There are 2 protein chains.
Amino acid sequence: MQIRMTNQREMILQELQKSREHLTADELYQRIRKKMPRISLATVYRNLEILSEVGLIQKLEVSGRQKRFDWNTEEHDHIYCIHCHKVDNLKMDRDELGVKVPDTASGYKLTGYRLEFSGLCENCRKDKNTQES
Amino acid sequence: MQIRMTNQREMILQELQKSREHLTADELYQRIRKKMPRISLATVYRNLEILSEVGLIQKLEVSGRQKRFDWNTEEHDHIYCIHCHKVDNLKMDRDELGVKVPDTASGYKLTGYRLEFSGLCENCRKDKNTQES
DNA sequence: CTTAGTGCAAACTGTTTGCAGAGGG
DNA sequence: CCCTCTGCAAACAGTTTGCACTAAG
């Protein structure tokens, strides 16, 4: 199957890349809607799925109930804000992290890992100092 | 608020503990229903929530669309089967894993991490050998 | 008795799908 | 022109909630 670069598709890709964030389908939809009011949420979902299959973006498995998508297709890990639930890229290389992946464990043949640091992001740290929630 | 030990609550706790697995609310519901046919799924959800708040069980943040719950309340990591999506406890101590958590990163004040190995579980390894999916 | 907990149904959230029509290549 | 992609609405999966009744303490 060949994939066509439609306006919607391009917009989604652009908007995700320029955001530098890890948006959910709905967040992305809200932003794109301002420039392309007739786009539908279904289109956003369909394209995020397809773009991640093709390898132009990455679908994330992270904390929280909604799926998130990443413009950065290299292997890297994430940080999760326990207060506002946003997700950022961890700017550390995997070899700095020191995770030792055994070949097998508990009967599993291991193929990889997923590491997610958690903590308070810059904004939420400020909020916590001034007004205690 | 004080919590009452109702039959339903006790059953949920028991069934989860004896399963030694990381069940979803629905899986648990299906099992309990055999012994307690009038229990409702809503009750299972409500109790899993409450029991995890009280600290008798643990709510997991793991791969997959459904929430999973763990009878084991100690801090530990998980292994995820990329084929059948089941989740097992990792029988390794955190200090064996060698993860170095910096104090801060990308503006975040870090408080912890979540590590999930992924691979093929015993059953799925067998399946893969005989019949290629 | 009192008030937390239950079963049921209905609501809600996030995501997926069927379809007829539109528009990339 | 063809066939992938779109918008729309309706379906779906997982979870939560309002309510009147039940039962634990």
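About the cut-offs
- Residues numbered from 1 in each chain as written.
- Chains lettered and ligands numbered in written order.
- Predicted model: local features only at pLDDT ≥ 70, side-chain atom pairs only at ≥ 80, totals over all residues.
- Heavy atoms only, no water.
- Helix = DSSP H or I, 4+ residues; strand = E, 2+ residues; numbered from the N terminus.
- Contact = heavy atoms within 4.5 Å.
- Areas by Shrake-Rupley, 256 points an atom, 1.4 Å probe, with all protein chains shown as cover.
- Lys, Arg positive; Asp, Glu negative; His and termini not counted.
- Charge placed at Lys NZ, Arg CZ, Asp CG, Glu CD.
- Buried area = accessible area lost by both parts, 1.4 Å probe.
- Salt bridge = Lys/Arg side-chain N within 4 Å of Asp/Glu carboxyl O.
- Polar contact = N/O pair within 3.5 Å; in protein donor to acceptor, adjacent residues only side chain to side chain.
- Nonpolar A, V, L, I, M, F, W, Y, C, P; charged D, E, K, R; others polar.
- Pairing = 2+ DSSP bridges.
- Buried < 20%, exposed > 50% of the residue type's maximum accessible area, 1.4 Å probe, protein only.
- Near = heavy atom within 4 Å.

### A look at the overall build of chain A
- Check the secondary structure of chain A and you find five helices and six strands.
- Reading the helices (α) and strands (β) of chain A from amino to carboxyl end gives α-α-α-β-β-β-β-α-β-β-α.
- With the C-alpha coordinates of chain A rotated into their principal frame, the extents come out at 50 × 45 × 25 Å.
- The long-range fraction of contacts in chain A, counting pairs at least 24 apart against all pairs at least 6 apart in sequence, stands at 44%.
- For chain A, the accessible area works out to roughly 8000 Å², and carbon and sulfur atoms hold 45% of it.
- For chain A, the distance from the average site of its 23 positive side-chain charges to the average site of its 21 negative ones is 7 Å.

### A look at the interface of chain A and chain B
- Taken together, the contacts link 42 residues of chain A with 42 residues of chain B.
- Counting each side, the surface lost to burial between chain A and chain B is near 3100 Å², with a carbon and sulfur contribution of 51%.
- Area buried by chain A at its contact with chain B is led by A:Tyr108, A:Arg114 and A:Phe117, which between them contribute 22% of it.
- Run the count over chain A and chain B and you get two salt bridges.
- Linking B:Arg114 and A:Glu116 is a salt bridge whose minimum nitrogen-to-oxygen distance equals 3.1 Å.
- Taken together, chain A and chain B are joined by 16 residue pairs in polar contact (both at pLDDT 80 or more).
- Going through the elements one at a time, strand S3 (78-81), strand S4 (87-89), helix H4 (94-97), strand S5 (104-105), strand S6 (108-120) and helix H5 (122-130) of chain A are the ones with two or more residues in the side of chain A that touches chain B.
- For the side of chain A that touches chain B, the residue count by class is 20 nonpolar, eleven polar and eleven charged.
- As defined by bridge partners, S6(A) adjoins strand S6 (residues 108-120) of chain B across eleven bridges and the pair is classed as antiparallel. Considered in S6(B), the bridge of A:Glu116 is made with B:Arg114.

### What about the pairing of S6(A)?
Residue and element names in this part refer to chain A.
- Burial of S6 is extensive: eleven of the 13 residues sit out of reach of the surface.
- Two elements, S3 and S6, share four bridges in a ladder whose sense is parallel. Counterpart to Tyr80 in the pairing with S6 is Ser118.
- Where S5 lies against S6, two bridges are found, and the strand directions are antiparallel. Within S6, the residue paired with Thr104 across the bridge is Lys109.
- The antiparallel pairing of S5 with S6 creates a hairpin that spans two residues between the two strands, and Ser106 there sits at a positive phi of about 50°.

### Some remarks on the side chain of A:Glu116
- Mapped onto the elements of the fold, A:Glu116 is located in strand S6.
- The contacts of A:Glu116, once residues within four sequence positions are left out, are A:Glu61, A:Val62, A:Ser63, A:His78, A:Tyr80, B:Gly112, B:Tyr113 and B:Arg114.

### Details of the protein's contact with DNA strand C
- Contacts to DNA strand C come from 22 residues, most closely from A:Arg4, A:Tyr45, B:Thr6, B:Arg9 and B:Thr43.
- Within the contact set of DNA strand C, a phosphate oxygen lies 3.3 Å away from a side-chain nitrogen or oxygen of A:Gln66.
- Side-chain polar atom of B:Thr43 to a phosphate oxygen of DNA strand C: 2.5 Å apart, as the coordinates give it.
- The set of elements that each furnish at least two residues to the surface near DNA strand C consists of helix H3 (41-54) of chain A together with helix H1 (7-19) and helix H3 (41-54) of chain B.
- Of the residues contributing to the surface near DNA strand C, the split by class is seven nonpolar, eight polar and seven charged.

Scope: geometric values only; no functional claims are made or implied.
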